[in-house]
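Each chain is listed here by its residues.
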Amino acid sequence: MSKKITIVGGHGNVSLKLAKLLSPTHTVTSIIRNADQEQDIKDVGATPLILSLEDNSVSDFAKSFNGQDVVYFSAGAGGKGGEERTKAVDYEGGIKVFDALEAIEGPKPRLIHVSAVDIRDPNKVPAHYDEADRAMSERVRKGIPAYMKWKYESDKNLAKRTAFKWTMLRPGGLNNDEGTDKADIGRTHICTTVSRQNVAKALALLVDREDAAGLSIDFVGGETPISEGLETFIKKGETDWLG
Ligand SMILES: NC(=O)c1ccc[n+]([C@@H]2O[C@H](COP(=O)([O-])OP(=O)(O)OC[C@H]3O[C@@H](n4cnc5c(N)ncnc54)[C@H](OP(=O)(O)O)[C@@H]3O)[C@@H](O)[C@H]2O)c1
């Protein structure tokens, strides 16, 4: 069934691929902060809407989400602008979107939130991690500490919300390889990167998976067909979020 969908971070590399997958079936609005990107959004079949996570208010976002079936959050500072900006976009921007969803009177859209694999309390090492995972985790935490910290704060906040339905997709390091429609999904190791096209595919499939509410899904490069891997994960119902 055709749904009304809004993508926050609409001009991101993942979001443009996602809009292209969704727009033949659904009505897609892509939130951007720069009017120069409008044509790129139209080219993938979506309608641009200009709002900034840093400059617009909770109520501006609530207005734009009202009447939508699904909201995606795939925005991020991308490490530009130092820790202050990572905090402002990846953390405070996330909270703004969660608060806006809560502020809607009447039916609230579902949120499909892009996080990242290994976002967790640094003291809680997942039991299935091997030596290579632990080394990778340490390397990443040293390399991009602000991102790991503020995404964790954002995910902790979202995990407690019950006023709207949410699902988190937690990709590993992203690459620009061709999509294969295959991945490794759930309780994964973390050393294999995953293509943005495959991430977009998983996000697009989640649009119809209301039964994924409350689940955080690890998603890295692998060989399982994505629809099959999601099906198995959702049926099992065991979240990858360990707090
Ligand atoms: N990179 C990785 O290896 C990796 C791994 C795991 C998870 N992730 C997550 O995956 C997400 C999507 O990745 P991607 O490659 O598609 O990222 P991307 O290309 O950097 O896209 C991020 C989008 O966020 C937008 N944005 C930044 N500040 C904003 C603001 N104040 N208001 C509204 N939008 C704003 C950017 O808009 P502008 O064009 O205007 O700057 C950009 O379009 C990332 O945000 C990250 O959290 C990334």
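Residues numbered from 1 in each chain as written. Predicted model: local features only at pLDDT ≥ 70, side-chain atom pairs only at ≥ 80, totals over all residues.

One way to put it is that helix α7 (residues 196-206) packs onto helix α8 (residues 226-236) with a least axis distance of 10 Å and a crossing angle of 50°. Viewed along their axes, α7 and α8 adopt a mutual orientation that is oblique. Note on packing geometry: the crossing formed by α7 with α8 is right-handed. Along the contact surface, α7 presents N198, K201, A202 and L205, while α8 presents I226, S227 and L230. Here the contact of α7 with α8 is composed, by residue class, of four nonpolar, two polar and one charged. (Axes fitted to C-alpha atoms, helices over the stretch in contact; angles between N-to-C directions. Helix = DSSP H or I, 4+ residues; strand = E, 2+ residues; numbered from the N terminus. Parallel < 35°, antiparallel > 145°, perpendicular 65-115°, else oblique. Left-handed = near helix turned anticlockwise from the far one by under 90°. Contact = placed C-beta atoms within 7 Å. Nonpolar A, V, L, I, M, F, W, Y, C, P; charged D, E, K, R; others polar.)

Moving on, we get to unusual backbone geometry. Notably, D118 is not glycine yet its phi reads approximately 75°, a positive angle. Take D118: it is sitting in the loop between β5 (110-114) and α5 (131-143). The residue R187 is not glycine, and still its phi comes out positive at about 45°. Among the secondary structure elements, R187 is positioned in the loop between β8 (182-185) and β9 (194-195).

So, on to the nonpolar core. Membership of the largest hydrophobic core comes to 58 residues, with the highest contact counts inside it found for L18, V71, Y72, L169, A202, L203 and F219. Ignoring any residue separated from it by four or fewer positions in sequence, one finds Y72 in contact with I7, V8, L18, I112 and L203. (Core = buried A, V, L, I, M, F, W, Y, C linked by C-beta atoms within 7 Å. Buried ≥ 20, exposed ≤ 12 C-beta atoms within 10 Å, placed from the backbone.)

Okay, the site of the ligand next. Taken together, 23 residues form the shell around the ligand, and within it G12, V14, L53, G76 and A116 come nearest. Ranked by residue count, the leading element in the shell around the ligand is helix α1 (residues 13-22), at three residues. Per-class residue counts for the shell around the ligand are nine nonpolar, 11 polar and three charged. (Near = placed C-beta within 6 Å.)

From the geometry alone we can't say anything about function, so treat these as descriptive.
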